[in-house]
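Observations on the model geometry
These are the residues of each chain, in order.
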Amino acid sequence: GAGVSQSPRYKVAKRGQDVALRCDPISGHVSLFWYQQALGQGPEFLTYFQNEAQLDKSGLPSDRFFAERPEGSVSTLKIQRTQQEDSAVYLCASSLALTSGSGNTIYFGEGSWLTVV
Amino acid sequence: GENVEQHPSTLSVQEGDSAVIKCTYSDSASNYFPWYKQELGKRPQLIIDIRSNVGEKKDQRIAVTLNKTAKHFSLHITETQPEDSAVYFCAASNLNTGKLIFGQGTTLQVKP
């Protein structure tokens, strides 16, 4: 497709359940980012991949959060033993270049809306 | 740590008026400053960006200014239209980390 694709778009999970969120970046994009956006807030950085290498995971809130991008394309964000505070929109983004610091455009997906009940 | 402050949090203007949103950043290594527009339930969409080697950039009704010394950057929208109503986010990117730090967002309402 032409843009960043995420699935599922909506997910309701019972507290304690594990969830997996998928991101298909724009074809050929080297950099991939995951952000968490709580209601009424700006996106908060979670983690960053350059190809298959996870270069920065400083934003992951706890060891219940895990992200991977094994073949340098599709990425999965996994949340184990979900809690109510995990309820948010999880945004995936990709960029053609190696780092956004060089000024290359970052494109966002529509997000996966997670509600933990 | 890295921080981006954005003001105001809400802004209401009459159609045809101008709107200005201001941001400050803390990391002097930041060199890329995009602005995103996000409509309810939609993805953030890039509307304009500026690199640190320029002080101003304009694209039709939208302009962005950057003051590196003061670590300020601003979004200016002229001749506002009702379809400009949305939440606007500024962001700053650090050279070394490759990640965007976002402001808290400004909800812009353009009244017809």
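Presented here is an overview of the structure given in this document. (Residues numbered from 1 in each chain as written. Chains lettered and ligands numbered in written order. Predicted model: local features only at pLDDT ≥ 70, side-chain atom pairs only at ≥ 80, totals over all residues. Heavy atoms only, no water.)

Examining the sheet that holds strand β3 (residues 19-24) of chain A
All names here are of chain A. To keep it simple, the criterion reads: Between any two strands, at least two bridges found by DSSP are needed for them to pair. A run of H or I in DSSP becomes a helix once it reaches four residues, and a run of E becomes a strand once it reaches two; helices and strands are each numbered from the N terminus. Between N-to-C directions, angles cover 0 to 180 degrees, with each direction set by a line fitted to C-alpha atoms, over the stretch in contact for helices.
Read from one edge to the other, the open sheet built from 4 strands follows the order β1-β3-β8-β7, with strand pairing classed as antiparallel. Both edges of this open sheet fall to β1 (5-7) and β7 (65-68), since each of them pairs with a single strand only. The mean angle between the axes of side-by-side strands here comes to 15°, regardless of whether they run parallel or antiparallel.

What to know about the pattern of salt bridges
Between side chains of opposite charge, a pair can form when the charged atoms approach closely. Under the convention used in this document: Any Lys or Arg side-chain nitrogen found within 4 Å of a carboxyl oxygen on Asp or Glu counts as a salt bridge.
Evaluation of the coordinates by the stated rule reveals 10 salt bridges over all chains. Among the ionic pairs, B:K37 bridges to B:E39, the shortest N-O distance being 3.8 Å. A single salt-bridge network, built from bridges that share partners, covers A:D56, B:E2 and B:K99.

What about the environment of A:I106?
All names here are of chain A. What counts here: Only protein chains enter the calculation, and the probe is 1.4 Å; a residue is then buried if its accessible area is under 20% of its type maximum, exposed if over 50%, and partly exposed in between.
Its place among the elements puts I106 in strand β10 (residues 106-108). On the basis of relative accessibility, which here comes to 1%, the residue I106 falls in the buried class. Residues I106 and C92, spaced 14 residues apart in sequence, show a C-alpha to C-alpha distance of 9.9 Å.

A short note on unusual backbone geometry
In this chain, A:S7 is followed by A:P8 through a cis amide linkage whose omega measures -5°. By the secondary structure assignment, A:P8 is in the loop between β1 and β2 (10-13). Here the amide bond leading from B:H7 into B:P8 is cis, since omega sits at -5°, within 30 degrees of zero. Relative to the assigned elements, B:P8 resides in the loop between β1 (4-7) and β2 (10-14). A positive phi angle, near 55°, is found at B:Q60, a position not held by glycine. Despite not being glycine, B:E79 shows a phi value in the positive range, around 45°. As for its placement among the helices and strands, B:E79 is situated in the loop between β8 (72-77) and β9 (86-94).

Topic: the packing of aromatic side chains
Aromatic ring pairs are defined here through the distance separating the ring centres and the angle between the ring planes. The condition is simple: Ring pairs are drawn from Phe, Tyr and Trp, using the six-membered ring of Trp, whenever the two centres fall within 6.5 Å, and their geometry is named by plane angle: stacked under 30 degrees, edge-to-face over 60, tilted for the rest.
Enumeration according to the criterion identifies 15 aromatic pairs over all chains in this entry. Judged by centre distance (5.6 Å) and plane angle (65°), the rings of B:W35 and B:F73 are edge-to-face. Placement of the pair is B:W35 in strand β4 (residues 30-38) and B:F73 in strand β8, with a sequence separation of 38 residues. Pair check on accessibility: B:W35 and B:F73 agree, each one buried. Members of the aromatic cluster, each reached through a chain of ring pairs, are A:F33, A:Y35, A:F45, A:Y48, A:F108, B:Y36, B:F89 and B:F102.

Considerations on the pairing of strand β6 (residues 56-59) of chain B
All names here are of chain B. In this structure, β6 lies alongside strand β7 (residues 62-67), joined through 4 bridges in antiparallel fashion. Counted as the bridge partner of K58 is A63 from β7. Taking the residues between adjacent antiparallel strands as the criterion, β6 and β7 are bridged by 2 residues, where Q60 takes a positive phi near 55°.

Let's talk about the interface of chain B and chain A
Definition in use: By the convention used here, residues are in contact when the closest approach between their heavy atoms is within 4.5 Å. Summed over both partners, the accessible surface that disappears when two parts come together, traced with a 1.4 Å probe, is what is meant by buried area. Pairing of N or O atoms within 3.5 Å defines a polar contact, subject to two protein rules: one partner must be a possible hydrogen donor and the other a possible acceptor, and residues neighboring in sequence count only if both atoms are side-chain atoms. Basically, the charged four are Asp, Glu, Lys and Arg, the nonpolar ten are Ala, Val, Leu, Ile, Met, Phe, Trp, Tyr, Cys and Pro, and anything else, Gly included, counts as polar.
Each partner contributes to the interface: chain B provides 22 residues, whereas chain A provides 25 residues. Of the roughly 1,800 Å² buried between chain B and chain A on both sides combined, carbon and sulfur atoms contribute 49%. In this structure, the connection of chain B to chain A is made through 2 salt bridges. Here A:D56 and B:K99 are joined by a salt bridge, their closest N and O atoms 3.8 Å apart. If you look at where chain B meets chain A, you find 6 residue pairs in polar contact (both at pLDDT 80 or more). Within the residue set of the side of chain B that touches chain A, elements represented by two or more residues are β4, β5 (45-51), β9 and β10 (100-102) of chain B. Its residues assigned to classes, the side of chain B that touches chain A comprises 8 nonpolar, 9 polar and 5 charged.

Topic: the nonpolar core
The condition that has to hold: Definition of nonpolar core: a set of buried residues of the types Ala, Val, Leu, Ile, Met, Phe, Trp, Tyr and Cys, connected through side-chain atoms within 4.5 Å.
Ranked by internal contacts, the top residues of the largest apolar core, which has 25 residues, are B:W35, B:F73, B:L75, B:Y88 and B:L108. Discounting residues that sit within four places of it in the chain, B:L75 has contacts with B:A19, B:V20, B:I21, B:W35, B:I47, B:I48, B:I62, B:A63 and B:Y88. Counting residues in hydrophobic clusters, the runner-up holds 20 residues, among them A:L21, A:W34, A:L46 and A:F49.

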